[in-house]
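Per-entry structural report
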Amino acid sequence: MTSPTKSPAPAAAPGTGGVGESPLRPDGTLKVAGEFAYASDLWMEGMLWGATLRSPHPRARIRSLDIGPALAMPGVRAVLTHEDVPGRKTFGIDHTDDQPVLAIDQVRHQGEPVALVAADHPETARRAMDRIAVDYEVLEPVTDPRAVIADPEGLRVQDRGGITRHQPVRVGDVDAAKAEAAVVVSGEYEVGIQDQAFLGPESGLAIPAEDGGVDLHVSTQWIHNDLKQIAPCLALREDQIHMTLAGVGGAFGGREDLSMQIHAAMLALHTGRPVKMSYNRYESFFGHVHRHPAQMRYEFGAARDGRLLYADVEIVLDGGAYTSSTMNVVGNAASLGVGPYEIPNIRIDGYGVYTNNPPCGAMRGFGAVQACFAYESMMDRLAAACGLDPLEIRRRNAVSQGSRLATGQVIESPAPLAEMLTRLEAMPMPPGPDRPDLRNLPGGVSQTTHGEGVVRGVGYGVGLKNICFSEGFDDLSTARVRLEVIGGEATALVHTAAAEVGQGLVTVQEQIARTELGVQRVTIAPADNRVGDAGSSSASRQSYMTGGAVKTACEAVRAELLARAARRFGRTDLALVGGKIMSRADGALGTIEDVLGDAAIEETREYHHRRTTPMDPVTGQGRTHTQLALCVHRAVVDVDVDLGLVKVVELAAVQDVGKIINRTGVEGQIHGGTAQGLGLALMEEIVVTGGLIRNPSFTDYLIPTILDMPPMRLEILENPDPEAPYGLRGAGEPPTLSSTPAVVAAIRDATGRALTRVPVRPEHIVAGP
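Since the model is a prediction, treat every value here as computed from it, not as a measurement. Counting restarts for each chain: residues are numbered from 1 in the order of the written sequence. For a predicted model such as this one, the threshold for reporting local features is a pLDDT of at least 70, and the threshold for listing and counting side-chain atom pairs is 80 or more; totals across whole chains, interfaces and linings nevertheless cover every residue. Water and hydrogen atoms play no part in the side-chain values, which are based on all heavy atoms of the structure.

As for the pattern of salt bridges
Counted only if it meets this: Criterion for a salt bridge: a side-chain nitrogen of Lys or Arg within 4 Å of a carboxyl oxygen of Asp or Glu. Secondary structure follows DSSP: runs of H or I at least 4 residues long count as helices, runs of E at least 2 residues long count as strands, and numbering of each begins at the N terminus. Buried residues are those whose accessible area, probed at 1.4 Å on protein chains only, stays under 20% of the maximum for their type, while exposed residues exceed 50% and partly exposed ones sit between those limits.
Inspection of every chain in the model, using the stated rule, returns 56 salt bridges. R297 is paired through a salt bridge with E188; the nearest N and O atoms lie 3.7 Å apart. With R297 in strand β16 (residues 294-302) and E188 in strand β11 (residues 183-191), this pair connects stretches of sequence that are 109 residues apart. In this structure, the salt-bridge partner of R482 is E484, at a minimum N-O distance of 3.1 Å. Residue classification places R482 among the partly exposed residues on the basis of a relative accessible area of 27%.

Describing the sheet that holds strand β32 (residues 757-758)
Applicable threshold: Pairing between two strands requires that DSSP report at least two bridges joining them.
A sheet is described by the order of its strands in space; here six strands give the open sequence β10-β18-β17-β16-β11-β32, paired in mixed fashion. Pairing within the sheet leaves two strands with one partner each, and these edge strands are β10 (163-171) and β32. The pairing of strand β17 (residues 308-318) with strand β18 (residues 345-353) spans nine bridges and is classified as parallel. Among the inter-strand pairings, D318 is bridged to a residue of β18, identified as V353.

Some thoughts on the pairing of strand β3 (residues 60-66)
Looking at chain direction, β3 and strand β7 (residues 106-107) are connected through two bridges and run antiparallel. Each residue of the ladder has a partner; that of A60, found in β7, is V107. As paired elements, β3 and strand β9 (residues 133-138) share six bridges and run antiparallel to each other. Counted as the bridge partner of A60 is V138 from β9.

With respect to the confidence of the model for the chain
Quick note on the threshold: The predictor attaches a confidence to each residue, and that confidence, scored 0 to 100, is pLDDT. We call two residues contacting when some pair of their heavy atoms lies within 4.5 Å.
Here the chain averages 95 in pLDDT, and 98% of its residues register 70 or above. For the stretch residues 1-15, pLDDT sits under 50, and the model shows 47 contacts to residues farther than four places along the chain or on other chains.

Some words on the packing of helix α16 (residues 663-682) against helix α17 (residues 734-751)
The line we're drawing: Lines are fitted to the C-alpha atoms to define the axes, a helix being fitted only along its stretch in contact, and any angle between axes, read from their N-to-C directions, falls within 0 to 180 degrees. Our angle categories are set so that under 35 degrees counts as roughly parallel, over 145 as roughly antiparallel, 65 to 115 as roughly perpendicular, and the remainder as oblique. Definitions for this section: a left-handed crossing has its near helix turned counterclockwise from the far helix by less than a right angle. A right-handed crossing has that turn clockwise.
For the pair α16 and α17, interaxial distance at closest approach is 7 Å and the crossing angle is 45°. If you check the angle between α16 and α17, you find them oblique. The two elements α16 and α17 cross, and the hand of that crossing is right-handed. Residue-level inspection shows Q669, I670, G673, T674, Q676, G677, L678, L680, A681 and L682 of α16 in contact with α17, the latter providing P735, T736, S739, T740, V743, V744 and I747.

Overview of the packing of aromatic side chains
Note the cut-off: Aromatic contacts are taken between Phe, Tyr and Trp rings whose centres are within 6.5 Å, Trp giving its six-membered ring; a plane angle under 30 degrees counts as stacked, one over 60 as edge-to-face, and the others as tilted.
Evaluation of the coordinates by the stated rule reveals 11 aromatic pairs. With 6.4 Å between their ring centres and 75° between their planes, W222 and F473 make a pair best called edge-to-face. Of this pair, W222 sits in the loop between β13 (214-218) and α6 (223-234) while F473 sits in the loop between β19 (454-467) and β20 (476-486), and the two are 251 residues apart along the sequence. Grouped by ring-pair contacts, the aromatic residues W222, F469 and F473 constitute a single cluster.

Some details on the packing of α6 against helix α7 (residues 261-271)
Short version of the rule: Charged means Asp, Glu, Lys or Arg here, nonpolar means Ala, Val, Leu, Ile, Met, Phe, Trp, Tyr, Cys or Pro, and polar covers whatever is left, Gly included.
Contact pair α6 / α7: the axes reach a minimum separation of 10 Å and the direction vectors enclose 40°. Between α6 and α7, the angle falls in the class oblique. The hand of the α6/α7 crossing is right-handed. Of the residues in α7, those touching α6 at D226, Q229, I230, C233 and L234 are Q261, I262, A265, M266 and L269. Class assignment of the residues belonging to the contact of α6 with α7 gives a composition of seven nonpolar, two polar and one charged.

Some words on the nonpolar core
The nonpolar side chains of a soluble globular protein tend to be buried with one another. Let me state the cut-off plainly: Throughout this description, the term nonpolar core refers to a set of buried Ala, Val, Leu, Ile, Met, Phe, Trp, Tyr and Cys residues connected via side-chain atoms within 4.5 Å.
Counting 95 residues, the largest nonpolar core has Y298, F300, I315, V338, I348 and I747 as its most contacted members. Excluding its chain neighbours within four sequence positions, the residues that come into contact with I747 are V637, V639, V646, L682, G752, L755, V760 and I765.

A short note on helix α13 (residues 505-517)
Helical geometry note: an α-helix holds 3.6 residues per turn, so side chains three or four residues apart project in the same direction. The condition that has to hold: Multiply 1.5 Å by the residue count of a helix minus one, and that product is the helix's expected span.
For α13, with 13 residues, the first-to-last C-alpha span of 18 Å sits near the 18 Å given by 1.5 Å per residue. Counting buried residues along α13, 12 of its 13 residues qualify, which places the element largely inside the surrounding structure. Residues of α13 that are buried: L505, V506, T507, V508, Q509, E510, Q511, I512, A513, R514, E516 and L517. In the stretch just after α13, G518 is the one whose phi turns positive, near 70°.

Observations regarding unusual backbone geometry
Peptide bonds are trans in most cases, and residues, glycine excluded, mostly fall at negative phi. In this structure, P759 follows V758 across a cis peptide bond, with omega equal to 5°. Considering the arrangement of structural elements, one finds P759 in the loop between β32 and α18 (762-767). The phi dihedral of S324 is positive, around 45°, even though this residue is not glycine. For Q447, which is not glycine, the phi dihedral falls at a positive 60°. Inspection of the secondary structure puts Q447 in the loop between α12 (417-426) and β19.

Section: the state of the cysteines
The following threshold applies: When the sulfur atoms of two cysteines come within 2.5 Å, that pair is taken as a disulfide.
As enumerated under the stated definition, the model contains zero disulfides in all. Looking at C468, it has no disulfide partner, and the nearest cysteine sulfur is the one in C631, 18 Å off. Here C631 is not cross-linked by a disulfide; its sulfur's nearest cysteine counterpart is in C372, at 9.5 Å.

What about the layout of surface pockets?
The condition is simple: Cavity and pocket criteria rest on a 1 Å grid covering protein atoms alone: a 1.4 Å probe that fits but cannot get out defines a cavity, protein on both sides within 12 Å along at least 5 of 7 lines defines an open pocket, and an atom within 4 Å of a point defines a lining residue. Grid points are joined across faces, edges and corners, and a volume is the space filled by probe spheres set on the points.
Approximately 710 Å³ is the volume attributed to the second largest pocket. Lining the second largest pocket are 22 residues, and of these G443, V646, K647, L707 and D708 sit closest to its centre. The set of elements that each furnish at least two residues to the lining of the second largest pocket consists of β28 (645-656), α16 and α18. Among the elements that make up the lining of the second largest pocket, the one with the highest residue count is β28 (four residues).

Pasting the structure below:
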């Protein structure tokens, strides 16, 4: 069959620009003009519409399931249950025996898929779902993660028991250090469930192929990992499935796990017709994982001068009904659980548990966000107890190059945290509250105040985030680069499977090809599985990994080009400079076009980062992470202390990115990560009661708008990492860590409240402790 209409075309470069410049994004104008083709825009003649029947209960046994009334409806072409799964009935991003494609004999969370419908019209499919009769025996859900830790076998949700992973970290002698500490502070902290809240809901189109396979056009973050899960469930070879990245409307970790991929493919193979599935916003809240909620207990001990002596920490992460990436999230939370501070004695216990709450997995910050809120809150408590400024307490304990993290890993590249804090402190403060202009006060034009009861506060936050995959994972990316002459001009075609999810990776690949090959015309082929694995667009890794792969493939193309030039010109002292073949002795000898003629050069290369090791299961020690990145924030807020309303006046940030590949892109990442951190601090939470989601809509789940996001001051540092391509340091996640505690610290400064839970709500400010 032919390709679906509105499938994203190869993106041609709109102009020039190499590494270090900020060329226009090829998708930017289309997105602003509303002309970009997202997955939900896909359409094909004769296609059917798929829909998913989901459980209304967080925990229940399925006594019986009758699909007959749905099948009898006019326009309904298929109704499928777990009995119709062609191959393996389970899938999972980390454990393939983890999550049922469709519920078999029980449901473990609200929204679990139970049956599928394909119909001629989307409303027909949805009405047919109402005709499917499911008899549930409702059971008491397991919803308290601490109760699971206390009784992991009695409160098991999965066959593996109640605990997904327990990761200890042990350094020194905490008990002995407690006896020596002059200052001790402790606290309990909680982080609610945050949603990725991408604006483009899960969508895709499955098309039966002539060889019995299927073509999938989906919005995803990791094509090849999807493929490894999908193929066994469909009883197909991987080479029978052609996956193409459709337009992605945001991701932030929520598209790492499968959603509609297997379901749409099952319906397409069963009916022999293309099937489109597109979730509405309500279904999207049940159709993807969320950020893990956390319950954390911290105790810090220090000398009189504020220098830390020990940290005693427990971190409990609720993974919900299925594993997803909980094991890796626990690893991150435990290994980064005390942040970028030198502490000689550490005891951390990180737990991930199963419950019947919504499944949780990857989200920007990946375990480090939760821990950062706790340890930064603790640093402020310690500063107060020691009579020190919040910045000074952090400077005295800051890591630097040569320091050891909690896992024993030595920081080998620059880590200028003390300098970053000093730079942040030197940034000018915003002017005082503009009382005559209501738009600049808490509550805005609602006229809740004219300035009375408004108090200003200032707070700081520091975040340390790992970059790329960790704990021994053989992280790689593949790139194919072809150089040829088209229309008389040297042209590079770059082909990877890396997902452009809005982060600007397409532009970065173009910039690298221009820099390495000296050409201006660069085309990025659609991402699909006709080229090797590029890994996930997560962990702030794509500029590092796929950028490294593109750079390496371009270097191989350049070497072959110069070898051909050497044969043509009879010279060996050649270099490629700005598209010209140069000799050190004689200058320009010719151009790329002269050397290539009608021929082409194509090279494919894999790029691997340096090896890491798993955390020791008893001590947590190991060379766990590939790269580490720092960001520091200052938040200035105005708080109406009578009504509990908050206006974030300004956010300032200093971040070390190693090497700026695209300044506009980096600034956008810092702004975007900061906005999500602000959202977690003040408004974003999926409210769950008894395993049931109470606010699955953008009416009741609030995300920051342009009116909530304040102006930002940025200072971007470049301390190159010698192990990374161009010395770059992943930039997308670190600002999500430090922005949340900075905002909360500023509210504490204004109100004097302890504020141990995020998001902070008005009642916490008005009536909290």
